[in-house]
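Survey of secondary and tertiary structure
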Amino acid sequence: MHESEWLPRLLSKQDLLQICNLFNLSVPGFRSDKLSSRPEEQLRSVVTQALKNGIGAKKNKRGKILLDTFFSEIVEEMNNLIQPQWKNLSFESTVDELDFSVNIRPYQKLALIREWFPDKYAGTVEIIRQNVINNQGLFYGISKINDDDYIKRIIQDLNKDVKLTQFDEYLQFIEYIGATPRWEQIKTTLAAKQTERERLMYISGLTSIDRFMGIVAVIDDYEPLRSVAYNLYVIEREKVYESEYTNVQDEGAAAAQQVTKLTKELDEQIDENKKLNEQIEILTVEIKRLTDAGEEDVQREYALNKELGEQRKARENAELVKELFEELVPQSSEAMIITDKPDPRIKQVFNKNIFSKNFLLKEKQNGNIHNLQSKIWFIDRQSFRSTREWIQLKQFLDENGFFYEEYNDYLELLKRYLHVIQSDDTEVYN
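1. Digging into unusual backbone geometry
Most peptide bonds take the trans form, and the phi angle of most residues other than glycine is negative. Its identity as a non-glycine residue notwithstanding, Asn 135 has a phi of 55°, on the positive side. Note on placement: Asn 135 falls in the loop between α6 (118–133) and α7 (147–160). Residue classification places Asn 135 among the exposed residues on the basis of a relative accessible area of 71%. Even without glycine at this site, Ser 208 takes up a positive phi of about 50°. Here Ser 208 is to be found in helix α11 (residues 208–218).

In structure tokens:
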């Protein structure tokens, strides 16, 4: 039975697409870049027919593939999958290695065996054919690998990818959580123990972070404890991170509440300031009128001067509130606020940081935006009326590693700004 009758059964849809692209096969009426939209069985039929058309042919033509060319082209495409040491292996050892290899597709394994060991392939192809028809492993009855060997090998390969934390990182963690004095104490206690049994019993009696530090202290002497140390490290690290996250959440909630309160006070003081300025202007004009007119209404002028002083005092108090707000929300040279319609309060607080959407898009278009990659961007989502325009920009920022925050209103901007700027070591304006 020719390979064209059973080999296509090995192929998944992705395999079929790769073979169609490799040998320039297509479905009548469809461009090659549209093949992925075709049903799997239709693609299988195209590949099967191309292999059948190649039987007895002297050279490859469109829709006609010689079997020798089919296998040699596939192997040539496998350069990055083939391990250099395989080329020195016997047929049996190569089959075993391929049996273990999960990154190599079955049809690629078949091609490699046929190309490297044509005689052996001819002697085993009937077994392989039966395995394919019966949905068994490709090399069942040929490979000497049993289930136990396979499991052990896979576990061994998986362990190669596991990189346990190094000793120095454990020490950094101990220092980070402020446990260095306790660490030194545990080491001193262990050094005083006379036997290994005493040392391990002492460590076993410790709990939580102390047990972790005890194991780290003796890790160089007990290889099996490396994985235990790592597991305890992960547990203790998660506890620290969870605690820190909770604290940050609490601080963020308190800060947000304070921002809301101060924002309301600032709005009220801005309105009050406006009224005060109007009243001061009226009073100043009235006092000047009385003075110019030479009227002797001393009581009236005194009352006006007194009221003017009170109004100025009130304005000073309003300025103090504004200064307090600016101290809580420090201006940062690293922040860039992108908005087309800035709230008047944004202008008052962030006048040095505001840029238009067109500025951002223009900098992106001319490539200068990469010079601003270190900035912290706060982008007014309302400035992008087109969802498509915003998604395109968002994808660009994500793909190029920009740090940005979205916001929809003044209060949200303040909350996000306060959370990012106060938790970051950014430069503030002097």
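2. What about the side chain of Thr 48?
Mapped onto the elements, Thr 48 comes out in helix α2 (residues 40–53). Looking at Thr 48, the relative accessible area reads 16%, which means it is buried. Residues within four places of Thr 48 in sequence aside, it is in contact with Ser 4 and Pro 8.

3. Details of the pairing of strand β1 (residues 335–338)
Where burial is concerned, the two faces of β1 agree: the one with Ala 335 and Ile 337 and the one with Met 336 and Ile 338 are both buried. The pairing of β1 with strand β3 (residues 376–380) spans four bridges and is parallel. Among the inter-strand pairings, Ile 337 is bridged to a residue of β3, identified as Phe 378. Summarising the sheet, β1 and strand β2 (residues 354–355) pair through two bridges and their orientation is parallel. Across the sheet, Ile 337 pairs through a bridge with Ile 354, a residue of β2. At this point the chain moves from β1, through helix α14 (residues 344–349), to the parallel β2, and the crossover so formed is right-handed.

4. Some thoughts on the pattern of salt bridges
Should their charged atoms come close, side chains of opposite charge can pair. All chains considered together, the criterion is met by 13 salt bridges. Across the pair Arg 105 and Asp 15 runs a salt bridge, and its minimum N-O distance is 2.9 Å. Of this pair, Arg 105 sits in the loop between α4 (91–100) and α5 (106–116) while Asp 15 sits in helix α1 (residues 13–22); the two residues are 90 residues apart in sequence, bridging distant segments of the chain. Residue class for Asp 15 comes out buried when judged on its relative accessible area of 2%. Arg 416 is the salt-bridge partner of Glu 412, the closest N and O atoms lying 3.2 Å from each other.

Calculation criteria
- Residues numbered from 1 in each chain as written.
- Predicted model: local features only at pLDDT ≥ 70, side-chain atom pairs only at ≥ 80, totals over all residues.
- Heavy atoms only, no water.
- Helix = DSSP H or I, 4+ residues; strand = E, 2+ residues; numbered from the N terminus.
- Buried < 20%, exposed > 50% of the residue type's maximum accessible area, 1.4 Å probe, protein only.
- Contact = heavy atoms within 4.5 Å.
- Pairing = 2+ DSSP bridges.
- Right-handed = clockwise from strand over helix to strand, strands pointing away.
- Salt bridge = Lys/Arg side-chain N within 4 Å of Asp/Glu carboxyl O.

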